[in-house]
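Residues per chain are reported as follows:
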Amino acid sequence: MNDNVKNPKHYQLFDGIESIEIIARSMTVEQFRGFCLGCALKYRIRAGKKDDALQDIAKADQFEILFKKYRHLCWDYEVNKNGKQENI
């Protein structure tokens, strides 16, 4: 289950590059937050209907982690002098 949740091979585009990185780079922080929230909701709503329910819940939880991990790649991400994230 862990590989299907945290490191699914079908999302590895090139060596060391995942599709989520390209998605983040193409969006603002707000858009990326919405994308991740939508994906999390999708997995929670369908939990147990397509795949194992625990796997779907784990995938939903993973999108919160992915947002925090990759939001710095969004084109409008900046860090101010106090170390807090700001959008342009």
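Before reading further, recall that the structure is shown in the block above.
Now for a look at the structure at hand. Being a predicted model, the structure only gives us computed values, none of them experimental.

Quick notes on the nonpolar core
Core analysis: the biggest nonpolar cluster contains 16 residues, and Ile 20, Ala 24, Phe 32, Phe 63 and Tyr 70 have the highest contact counts within it. For this core, the elements supplying multiple residues, two or more each, are α2 (19–25), α3 (29–45) and α4 (53–70). With six residues, α3 is the largest single contributor of residues to this core. Setting aside anything within four residues of it in sequence, one finds Phe 63 in contact with Ile 20, Phe 35, Cys 36, Cys 39, Ala 40 and Tyr 43.

Things to note about the pattern of salt bridges
Using the criterion set out here, one finds five salt bridges in the structure. With its nearest N and O atoms 2.4 Å apart, the salt bridge here joins Arg 44 to Asp 61. Taken together, the residues span a long stretch of sequence, with Arg 44 in helix α3 and Asp 61 in helix α4 at a distance of 17 residues. For Arg 44, a relative accessible area of 40% puts it in the partly exposed group. Judged by relative accessible area, which is 36%, Asp 61 ranks as partly exposed. Note that Glu 64 is salt-bridged to Lys 68, the shortest N-O span being 3.3 Å. Highlighted residues: Glu 64 and Lys 68, both in helix α4, separated by four residues, approximately one helical turn. As far as burial versus exposure is concerned, Glu 64 and Lys 68 are alike and both exposed.

Parameters and conventions
- Residues numbered from 1 in each chain as written.
- Predicted model: local features only at pLDDT ≥ 70, side-chain atom pairs only at ≥ 80, totals over all residues.
- Heavy atoms only, no water.
- Core = buried A, V, L, I, M, F, W, Y, C linked by side-chain atoms within 4.5 Å.
- Buried < 20%, exposed > 50% of the residue type's maximum accessible area, 1.4 Å probe, protein only.
- Helix = DSSP H or I, 4+ residues; strand = E, 2+ residues; numbered from the N terminus.
- Contact = heavy atoms within 4.5 Å.
- Salt bridge = Lys/Arg side-chain N within 4 Å of Asp/Glu carboxyl O.

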